[in-house]
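Breakdown of the fold
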Amino acid sequence: MEYSNECLMNQPMHLHHLPQVVRAKDSYQLDETYKIDTLEVAPGERYSVLVNADDLGTWAMHCHIVTHAENDKGMFGMVTALIVK
């Protein structure tokens, strides 16, 4: 997956249940990959992550800033799902 932050504030991106393995930042391969639960993407940054989708289910992926992903009517905005069949 690719993350690209084109706004003016950090976006902590979180994928439920499946770890993200960070492999590149700003198109540069990292010397060592690392696993992370929530990836903080600063303005102008781009990240490439790998996800081993080996567990069947529907897993939420969202920004961890509550007002970016949820309001009084439910989930919206920076929310999606990764469906593993």
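Reading the values: the criteria
Residues numbered from 1 in each chain as written. Predicted model: local features only at pLDDT ≥ 70, side-chain atom pairs only at ≥ 80, totals over all residues. Heavy atoms only, no water. pLDDT = per-residue confidence, 0-100. Helix = DSSP H or I, 4+ residues; strand = E, 2+ residues; numbered from the N terminus. Salt bridge = Lys/Arg side-chain N within 4 Å of Asp/Glu carboxyl O. Buried < 20%, exposed > 50% of the residue type's maximum accessible area, 1.4 Å probe, protein only. Pairing = 2+ DSSP bridges. Axes fitted to C-alpha atoms, helices over the stretch in contact; angles between N-to-C directions.

Here the focus is the confidence of the model for the protein chain. Confidence in the prediction for the protein chain averages 90 pLDDT; 93% of positions are at 70 or higher. Mean pLDDT across the elements of the protein chain ranges from a minimum in helix 1 (residues 66-69), with 69, to a maximum in strand 3 (residues 20-25), with 98.

A full pass over the atoms with the stated rule returns one salt bridge. For Lys25, the salt bridge identified is with Glu45, shortest N-O distance 3.0 Å. You can see Lys25 sitting in strand 3 and its partner Glu45 sitting in the loop between strand 5 (38-41) and strand 6 (46-51), a full 20 residues away along the chain. In this structure Glu45 comes out as buried when scored by relative accessible area, which is 14%.

Reading across the sheet, the four strands line up as 1-6-3-4 and stay open at both edges, with antiparallel pairing between neighbours. The open sheet terminates on both sides in strands that have one partner only, identified here as strand 1 (2-4) and strand 4 (28-36). Geometrically, the sheet is characterised by an average inter-axis angle of 25° between neighbouring strands, direction not taken into account. Bridge count for strand 3 against strand 6 is five bridges, and the pairing is antiparallel. Following the sheet pairing, Ala24 is matched in strand 6 by Ser48.

Unlike most non-glycine residues, Asp26 shows phi in positive territory, near 50°. Structurally, Asp26 is set in the loop between strand 3 and strand 4. By relative accessible area, Asp26 is classed as partly exposed at 26%. The phi dihedral of Ser27 falls on the positive side, at around 70°, and the residue is not glycine. For Ser27, the location among the structural elements is in the loop between strand 3 and strand 4.

Bringing the sheet that holds strand 7 (residues 57-63) into the picture now. With respect to topology, four strands assemble into an open sheet ordered 5-2-7-10, the strand pairing being antiparallel. Sheet topology places strand 5 and strand 10 (79-84) at the edges, where each strand pairs with a single neighbour. In this sheet, adjacent strand axes meet at a mean angle of 20° when their direction is disregarded. With six bridges joining them, strand 7 and strand 10 adopt antiparallel strand pairing. Paired with Met61 across the two strands is Thr80, which belongs to strand 10.

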